[in-house]
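# Fold and contact review
The chain contents come next:
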Amino acid sequence: MTEPLGPALMIKGFKIFKNAISADDRRLLVHDLRLAVERAPLYRSYTPSGQPLSVRTTSMGRYGWYSDAAGYRYVTRHPNGTKWPAIPAPLLNLWGLLVSTDRAPDSCLLNYYSGTAKMGLHRDNDEVDFSWPVLSISLGDDALFRVGGMARGDATQSVWLSSGDVVVMGGDARRAYHGIDRIKFGTSRLLAHGGRINLTLRVAK
Ligand code: MD3
Ligand code: FE
């Protein structure tokens, strides 16, 4: 069962910061991301069973999340053979403000959602230490985010994420099932071609 709003914020360790990034800073960030994507272009990932994901992906930082027939894992190079671009400084600063100054994230996954892309319910399982939160930044079109519990069959709740929203998943929330049901295409003018970018900062290794 899915509820429309609100109580999702009561999951322990789930923190949502609406409109945390200013309109100006969003534009600066998109400029940094454009430079990163020029060096490390978006590509499609495949599940270990060979199903394509509907998002297109790239990464920044020492490690990038990677998936193919050999499984899900973190790797140090883009499929084109180059090292992943650096994580832009404003993102590292945001992590320092909202998560910790004791340790920097070593991975930033960039997922691009076209108007029809979605992400099925899953858990983030590929990092070595789940005591570090995941920090997520939404840019561009609105997305319907769904979060459940520790088991796949648990009740879920949904919340719309908009451009400039930041979500921190720590504590129990770090192990929760979550996904993106759909994008509301054309709700933002931030990205020239529309759609949505989600950035997730993590300690991978
Ligand atoms: C809750 N991304 O990249 S971000 C992912 O909007 C991912 O692209 C979604 O799920 C997106 O793995 C959701 C919010 C998010 C990220 C990580 C989480 C929620 C999370 C980890 C644990 C629990
Ligand atoms: Fe996830």
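Treat the numbers as computed from the prediction; the structure is a model and nothing was measured.

## Structural notes on the overall build of the protein
Counting its secondary structure elements, the protein contains 2 helices and 14 strands. The C-alpha atoms of the protein give a radius of gyration of 16 Å, which matches the 17 Å a tight globule of 205 residues would have. Principal-axis analysis of the C-alpha atoms gives the protein an extent of 45 × 40 × 40 Å. Taking all 205 residues of the protein together, 50% fall into the buried category. Of the contacts formed within the protein by residues at least 6 apart in sequence, a portion of 75% connects residues at least 24 apart.

## Looking at the site of ligand 1
Near ligand 1 you find 19 residues, and of these Tyr-113, Met-169, Ala-173, His-178 and Arg-196 are the closest. Asp-124 is positioned with one of its side-chain polar atoms (N or O) 3.2 Å from an oxygen atom of ligand 1. A distance of 2.9 Å is found between an oxygen atom of ligand 1 and a side-chain nitrogen or oxygen belonging to His-178. Against a free-state accessible area of 490 Å², the protein chains account for coverage of 98% of ligand 1. Elements with a minimum of two residues in the shell around ligand 1: strand 7 (107-113), strand 8 (119-122), strand 9 (134-140), strand 13 (178-184) and strand 14 (196-202). Classifying every residue of the shell around ligand 1 by side-chain character gives 9 nonpolar, 6 polar and 4 charged.

## Notes on the UniProt feature "domain: Fe2OG dioxygenase" (unreviewed entry) in the protein
UniProt records the feature "domain: Fe2OG dioxygenase" (unreviewed entry) for residues 104-205 in the present numbering. Along residues 104-205 one finds 0% helix and 47% strand; the C-alpha atoms at either end are 11 Å apart.

## Describing the coordination of the iron ion (ligand 2)
Distances from the iron ion (ligand 2) to its protein donors, namely His-122 (NE2), Asp-124 (OD) and His-178 (NE2), fall within the range 2.0 to 2.2 Å. If you list the donors of the iron ion (ligand 2) from N- to C-terminus, the spacing comes out as H-x1-D-x53-H. Placement of Asp-124 in the loop between strand 8 and strand 9 and of His-178 in strand 13 is noted, with a sequence separation of 54 residues between them. Summarising the burial analysis for this pair, Asp-124 and His-178 share the class buried.

## Regarding unusual backbone geometry
Even without being glycine, Asn-19 reaches a positive phi, approximately 55°. Considering the arrangement of structural elements, one finds Asn-19 in the loop between strand 2 (14-17) and helix 1 (23-39).

## Examining the nonpolar core
Core analysis: the largest hydrophobic core is formed by 25 residues, its most contacted members being Ile-137, Leu-139 and Leu-199. Listed by contribution, the elements that provide at least two residues to this core are helix 1, helix 2 (89-98), strand 7, strand 9, strand 12 (166-169) and strand 14. With 4 residues, helix 1 is the single largest residue contributor to this core. In this view, Leu-139 contacts Arg-26, Leu-29, Val-30, Leu-33, Ser-163, Leu-190, Leu-191, Gly-195, Arg-196, Ile-197 and Leu-199; residues no more than four positions away in its chain are not counted. One finds Val-55, Met-119, Val-159 and Ala-173 within the second-largest nonpolar core, a separate group that totals 19 residues.

## Focus on the pattern of salt bridges
Under the definition given, this model contains 8 salt bridges. Asp-24 is the partner of Arg-27 in a salt bridge, and the nearest nitrogen-oxygen pair spans 2.8 Å. Of the two residues, Arg-27 and Asp-24 are both situated in helix 1; the distance of 3 residues between them amounts to about one turn of the helix. Take Asp-24: its relative accessible area is 51%, and that puts it in the exposed class.

## A few points about the sheet that holds strand 4 (residues 52-60)
One open sheet holds the 7 strands; their spatial order is 2-12-9-14-7-4-3, and the pairing between them is antiparallel. At either end of the open sheet lies a strand with only one pairing partner, and these are strand 2 and strand 3 (43-46). Here the strands of the sheet are splayed against their neighbours by 30° on average, with no regard to which way each runs. Each of strand 4, strand 7, strand 9 and strand 14 is contacted by helix 1, which is oriented at about 100° to strand 9, the strand it contacts most.

## Side note on helix 2
Three or more residues of helix 2 are buried, namely Leu-91, Leu-94 and Trp-95. Each buried residue of helix 2 sits inside an arc of 100° when the element is viewed along its axis, so together they form one side. Helix 2 presents Asn-93 and Leu-97 as exposed residues on the side facing more than 90 degrees away from its buried surface. Buried positions along helix 2 lie against helix 1, strand 7, strand 9, strand 12 and strand 14.

Criteria and cut-off values
- Residues numbered from 1 in each chain as written.
- Chains lettered and ligands numbered in written order.
- Predicted model: local features only at pLDDT ≥ 70, side-chain atom pairs only at ≥ 80, totals over all residues.
- Heavy atoms only, no water.
- Helix = DSSP H or I, 4+ residues; strand = E, 2+ residues; numbered from the N terminus.
- Rg over C-alpha atoms; globule rule 2.2 N^0.38 Å.
- Buried < 20%, exposed > 50% of the residue type's maximum accessible area, 1.4 Å probe, protein only.
- Contact = heavy atoms within 4.5 Å.
- Near = heavy atom within 4 Å.
- Polar contact = N/O pair within 3.5 Å; in protein donor to acceptor, adjacent residues only side chain to side chain.
- Areas by Shrake-Rupley, 256 points an atom, 1.4 Å probe, with all protein chains shown as cover.
- Nonpolar A, V, L, I, M, F, W, Y, C, P; charged D, E, K, R; others polar.
- UniProt positions renumbered as here; feature names shortened; annotations may be inferred.
- Donors = N, O, S within 2.8 Å, 3.2 Å for Na, K, Ca; no water.
- Core = buried A, V, L, I, M, F, W, Y, C linked by side-chain atoms within 4.5 Å.
- Salt bridge = Lys/Arg side-chain N within 4 Å of Asp/Glu carboxyl O.
- Pairing = 2+ DSSP bridges.
- Axes fitted to C-alpha atoms, helices over the stretch in contact; angles between N-to-C directions.
- Arc of directions from axis to C-beta.

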